[in-house]
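# Overview (structure and organization)
Residues per chain are reported as follows:
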Amino acid sequence: MIDPRMLVEHGQAVGLPAPVWFIQFFKALGFTLHAVPMNLWYAGLLVALLLRWGQSDHGRLFGSRLLRQMPVIVALGVNLGVVPLLFIQLAYAMFFYPATILMAWFWIAIIALLIPAYYGVYAYAWGIRNGADRLPTWRTAAGWIAALFFIVIGFTFANGLSLMDHVGRWPKLWLAHQHAGAALGTALNVGDPTLWPRWLLMFGLALGTTAAWVVFDAEWFARRATDPSYRRWAWGFARKLYALSLIWTAAAGVWYVFGTWSSELRDTMFHGPLLPLTLATALAPGLGCTLLIAVGWMPAKRLATAAVLLGQFGVLGINAVSRQVVQNVNLKPYLDVLAQPTDVQWGPLVMFLVTFVIGLLVVAWMIAQVRKCDA
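Residues numbered from 1 in each chain as written. Predicted model: local features only at pLDDT ≥ 70, side-chain atom pairs only at ≥ 80, totals over all residues. Heavy atoms only, no water.

### Digging into the pattern of salt bridges
Worth spelling out the cut-off: What makes a salt bridge here is a side-chain nitrogen of Lys or Arg within 4 Å of a carboxyl oxygen of Asp or Glu, nothing more. Runs of H or I in DSSP of at least four residues are treated as helices and runs of E of at least two as strands, each being numbered from the N terminus. For every residue, the accessible area obtained with a 1.4 Å probe (protein chains only) is divided by the maximum for its type, and the residue is called buried under 20%, exposed over 50%, and partly exposed between those limits.
What the rule picks out here adds up to four salt bridges. Note that Arg-60 is salt-bridged to Asp-57, the shortest N-O span being 2.3 Å. Of this pair, Arg-60 and Asp-57 both sit in helix 2 (residues 57-80), three residues apart, which is roughly one turn of the helix. Overall, the relative accessible area of 55% leaves Asp-57 in the exposed class. Across the salt bridge formed by Arg-65 and Asp-217, the nearest N and O atoms sit 2.8 Å from each other. One end of the pair, Arg-65, is in helix 2; the other, Asp-217, is in helix 8 (residues 195-220), and 152 residues separate them in sequence. Several salt bridges converge on common partners, so that one network encompasses Asp-165, Arg-198 and Arg-323.

Pasting the structure below:
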């Protein structure tokens, strides 16, 4: 049997061009920034389509609003996704590239799915731009196909990133998907027990982000165009949706931790300095739900909804940090990512930081302009 360590490149001509802590920080921060809009198209798009299909006038209104916002949300999510992907390829190249080569055709198919999904949300959003309640069949189909494609894209990403973490599965997959020693790129990591709960866990967190967006949109973007009864509905629906998110996330999290983690990984994460991080990650969604319930009674609704959205950002952030730590623990038997040599290039780092900050300021300005124009 092939030793998996033989498939990992250990030698480097030069050191990492940035400090390891810098890479780890921006990998987690970038993923968290990406996760907010990504959650809205991953689960929020499906929720919006179901609400448009339902009987509640307020539900149909929110569904229409989110679907009209979806083209901008997708654009922001795709662009923000560049940051974590950049740092994955920087410090984890020896794991990322072999994993994605094994499933190359599925990995490339992400682009083939993303483009029609993007056009699909445009087709649906353009159809309801004037408040149309009934859409042509092809526009309705485009919206549902987009939702399906985004879910498949999430599943494909989960495949690649879970395979990246589990080097021990590479030899078996390569032997089953190779010809004359060349990888065919047709492998999927569906046999990995961690894949399914990880994928479902992300969907559960996405439902929580959608719930936070329901009230944020109601108080910040829809206030001039709606009456108080809609905003009351928004708070009530958001609490129910976050409760579903909490149950879903808890079930997937328990399955993931106690059903798929090795005894060595559990021992590492449940003892010593990592125990507070593990507990915080487990409790964060519950605190997010509590925050949504508690601040709903505040008279300053806009401040309350900002707190809810920031709280959900914190939930996603601590999950990203915990996921980062688990990844490093899983990969350490093959290569200690944190111990890689560095040859810091300060010029490019400063350029990245300046561009990153300017980019976030531009995004904030664009959102502010959208809010001014939203009716």
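### Some points on unusual backbone geometry
With phi around 55°, Ala-180 is a residue other than glycine that occupies positive phi space. Among the structural elements, Ala-180 can be located in the loop between strand 1 (178-179) and strand 2 (182-183).

### Topic: the packing of aromatic side chains
We count it as follows: Ring pairs shown here join Phe, Tyr and Trp side chains whose ring centres sit within 6.5 Å, with only the six-membered ring taken for Trp; geometry is labelled stacked below 30 degrees between planes, edge-to-face above 60, and tilted in between.
If you walk through the whole model with that rule in mind, you get 30 aromatic pairs. Here Phe-258 and Phe-270 contribute two aromatic rings whose centre-to-centre distance is 6.0 Å and whose plane-to-plane angle is 35°, an arrangement assigned as tilted. Here the residue Phe-258 occupies a position in helix 9 (residues 228-260), and Phe-270 occupies one in the loop between helix 10 (263-269) and helix 11 (275-295), the gap between them amounting to twelve residues. On the basis of relative accessibility, which here comes to 55%, the residue Phe-258 falls in the exposed class. Accessibility expressed as a relative area gives 26% for Phe-270, which makes it partly exposed. Ring-pair connections join several aromatic residues into one group, and the members of that group are Trp-21, Phe-22, Phe-25, Phe-26, Phe-87, Phe-352 and Phe-356.

### Details of a nonpolar patch on the surface
Which entries qualify depends on this criterion: What goes into a patch is any residue over 30% in relative accessible area without a salt bridge, connected to like charges within 9 Å or, for nonpolar side chains (Val, Leu, Ile, Met, Phe, Trp, Tyr), within 5 Å. Under the convention used here, a 1.4 Å probe and the Shrake-Rupley method define accessible areas, while residue burial counts only the protein chains that appear.
Judged by side-chain polarity, Val-350, Val-354, Ile-358, Val-362, Trp-365 and Met-366 come together as a nonpolar surface patch covering roughly 570 Å² of accessible area. Along the polypeptide, Trp-365 turns up in helix 13 (residues 346-373). You can call Trp-365 exposed: its relative accessible area is 55%.

### Some details on the nonpolar core
To keep it simple, the criterion reads: Note on terminology: a nonpolar core comprises buried Ala, Val, Leu, Ile, Met, Phe, Trp, Tyr and Cys residues joined through side-chain atoms within 4.5 Å. Should any heavy atoms of two residues lie within 4.5 Å, those residues are considered in contact.
In this structure, Leu-45 and Phe-95 are the most contacted members of the largest nonpolar core, which totals 96 residues. If one sorts the elements of this core by residue count, helix 1 (residues 20-53) sits on top with 16 residues. Setting aside chain neighbours within four positions, we find Phe-95 in contact with Val-8, Met-164, Val-167, Trp-170, Leu-331, Tyr-334, Leu-335 and Val-337. Core analysis: the second largest hydrophobic core is formed by eight residues, Tyr-256, Val-257, Leu-277 and Val-326 among them.

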